Amino acid sequence: QRMSPTAIKVTMEACRRHAAADCTIGDALRTEYRLSQRATLQQQPLSDFHEGVRAVLIDKDPSSAVWDPPSLQQVSSEAVEAYFAPLGPDHPRGELVLAD
């Protein structure tokens, strides 16, 4: 597998949410900010970002990635939903604030 099962499920959920008629550009930007923060600041098994970077940039072999969990079926809806939850008060950068 060349792609993280978790990232695939999170991406599909983001596409679904962003396609909603009531999703504004601000909503989409805030969501994407949360997703980027969670992907880059969390380690496995909460995020496969670092593993993907290792496989592609260090090993130069995307197929060497060891995803956790290893299959789409093993990625729980709770794990996907956690990416979309508001950032906690202890987050170093906090939530994205957009001008009205």
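Right above here is the structure, for reference.
What you see is a predicted model; the values in this text were computed from it and never measured.

### Observations concerning the overall build of the protein
Right, so step 1: Regarding its fold elements, the protein presents four helices and zero strands.
Right, so step 2: Its helices and strands taken in sequence order, the protein reads α-α-α-α from the N to the C terminus.
Right, so step 3: Projected onto its principal axes, the C-alpha positions of the protein cover 45 × 30 × 20 Å.
Right, so step 4: Considering the protein as a whole, with its 100 residues, one finds that 31% of them fall into the buried category.
Right, so step 5: Summarising the internal contacts of the protein: among those between residues at least 6 apart in sequence, 66% fall at separations of at least 24.
Right, so step 6: For the protein, the exposed surface amounts to about 6,600 Å²; the carbon and sulfur share of it is 62%.

### Structural notes on unusual backbone geometry
Right, so step 1: Residue Pro69 follows Asp68 across a cis peptide bond; omega there is 0°.
Right, so step 2: Mapped onto the elements of the fold, Pro69 is located in the loop between helix H3 (49–58) and helix H4 (77–84).

### Focus: H4
Right, so step 1: When we look at burial in H4, the residues that qualify are Val80, Tyr83 and Phe84. The arc enclosing the buried residues of H4, seen along the axis, measures out at 100°, which places them on a common side.
Right, so step 2: Residues of H4 that are buried make contact with helix H1 (5–18) and helix H2 (25–41).

### Brief notes about the side chain of Asp48
Right, so step 1: Assignment of secondary structure puts Asp48 in the loop between H2 and H3.
Right, so step 2: An unpaired buried charge is present at Asp48: no salt bridge exists, and Arg54, the closest side chain of opposite charge, is 9.8 Å distant.
Right, so step 3: A distance of 2.8 Å separates the side chain of Asp48 from the side chain of Ser4, its partner in a polar contact.
Right, so step 4: A distance of 2.6 Å separates a polar atom in the side chain of Asp48 from a polar atom in the side chain of Gln44.

### Some remarks on the packing of aromatic side chains
Right, so step 1: What the rule picks out here adds up to zero aromatic pairs.
Right, so step 2: A cation over a ring is seen here: Arg17 above Phe84, with NZ or CZ 4.0 Å from the ring centre.

Analysis parameters
Residues numbered from 1 in each chain as written. Predicted model: local features only at pLDDT ≥ 70, side-chain atom pairs only at ≥ 80, totals over all residues. Heavy atoms only, no water. Helix = DSSP H or I, 4+ residues; strand = E, 2+ residues; numbered from the N terminus. Buried < 20%, exposed > 50% of the residue type's maximum accessible area, 1.4 Å probe, protein only. Contact = heavy atoms within 4.5 Å. Areas by Shrake-Rupley, 256 points an atom, 1.4 Å probe, with all protein chains shown as cover. Arc of directions from axis to C-beta. Lys, Arg positive; Asp, Glu negative; His and termini not counted. Salt bridge = Lys/Arg side-chain N within 4 Å of Asp/Glu carboxyl O. Polar contact = N/O pair within 3.5 Å; in protein donor to acceptor, adjacent residues only side chain to side chain. Phe/Tyr/Trp six-rings, centres within 6.5 Å; stacked < 30°, edge-to-face > 60°. Lys NZ or Arg CZ within 6 Å of the ring centre and 35° of its normal.

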